[in-house]
Amino acid sequence: MEIIHKIGRRKTAVARVYVSAGNGNVTINKKELNDYFPTATLQYKVLQPFNLTDNSESYDVKVNVFGGGVNGQAEAIRLAISRALCEVDAENRLALKPEGLLTRDPRMVERKKFGQKKARKKFQFSKR
């Protein structure tokens, strides 16, 4: 199997994932998964596509991720891994699609408007 390259995005985070045959090593920005994402929930999000397709020990993953926060980065990595697993085997799509792992979440932060306090919040109006 050759190396498969896929991109995942979430908010402002962009993850480039390189999946190759191996024994389950996940490297993110030249760090181990447990070092880059210390919490169990973020580690679960990253490994969720492998757990759903029963491929947790089959592939090595190398990730370059930048932008956004830790949660957005974890979800961007999850999307990219899901896309790569679908390219490896079309049967994986049947397990990943119902869980919503192949859908790009389009929600972004709304921009701040001039003359307002935030994107939607207005300055308080008082009659004096």
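Quick notes on the rules
- Residues numbered from 1 in each chain as written.
- Predicted model: local features only at pLDDT ≥ 70, side-chain atom pairs only at ≥ 80, totals over all residues.
- Heavy atoms only, no water.
- Helix = DSSP H or I, 4+ residues; strand = E, 2+ residues; numbered from the N terminus.
- Rg over C-alpha atoms; globule rule 2.2 N^0.38 Å.
- Buried < 20%, exposed > 50% of the residue type's maximum accessible area, 1.4 Å probe, protein only.
- Contact = heavy atoms within 4.5 Å.
- Areas by Shrake-Rupley, 256 points an atom, 1.4 Å probe, with all protein chains shown as cover.
- Lys, Arg positive; Asp, Glu negative; His and termini not counted.
- Charge placed at Lys NZ, Arg CZ, Asp CG, Glu CD.
- Pairing = 2+ DSSP bridges.
- Axes fitted to C-alpha atoms, helices over the stretch in contact; angles between N-to-C directions.

Of the regular secondary structure elements, the protein holds four helices and five strands. Moving toward the C terminus, one meets the helices and strands of the protein in the order β-β-β-β-α-α-β-α-α. Taken against the 2.2 N^0.38 rule, which gives 14 Å for 128 residues, the C-alpha radius of gyration of the protein at 18 Å runs more than 25% over that of a compact globule. The principal-axis extent of the C-alpha atoms belonging to the protein is close to 75 × 30 × 25 Å. Burial status across the protein gives 37% buried among its 128 residues. Intrachain contacts of the protein at a sequence separation of at least 6 include 66% that bridge at least 24 residues. Working note: accessible area of the protein is about 8400 Å², and carbon and sulfur atoms make up 51% of it. Looking at the protein, you have 25 positive and 13 negative side-chain charges, and the mean spots of the two groups are 22 Å apart.

Okay, the sheet that holds strand S4 (residues 31-32) next. Strand pairs in the sheet, formed through backbone hydrogen bonds, run parallel or antiparallel to each other. Taken in spatial order, the five strands of this open sheet run S1-S2-S5-S3-S4, and their pairing is mixed. Two strands lie at the open edges of the sheet, namely strand S1 (4-10) and S4, each paired on one side alone. Here eight bridges tie strand S2 (residues 13-21) to strand S5 (residues 59-66), and the two strands are oriented antiparallel to one another. Looking at S5, one finds that Val 17 is bridged to Val 63. In the packing of helix H3 (residues 70-88) onto the sheet, the strands contacted are S1, S2, strand S3 (26-28) and S5, and the crossing angle to S1 comes to about 145°.

Here we come to unusual backbone geometry. A positive phi angle, near 50°, is found at Lys 11, a position not held by glycine. Counting through the fold element by element, Lys 11 comes out in the loop between S1 and S2. Given the relative accessible area of 44%, Lys 11 is considered partly exposed. Here the phi dihedral of Asn 29 falls at roughly 50°; this positive angle occurs in a residue that is not glycine. With respect to the element layout, Asn 29 can be found in the loop between S3 and S4.

It is worth stressing that arrangement in space is one thing and function is another; only the former is reported here.
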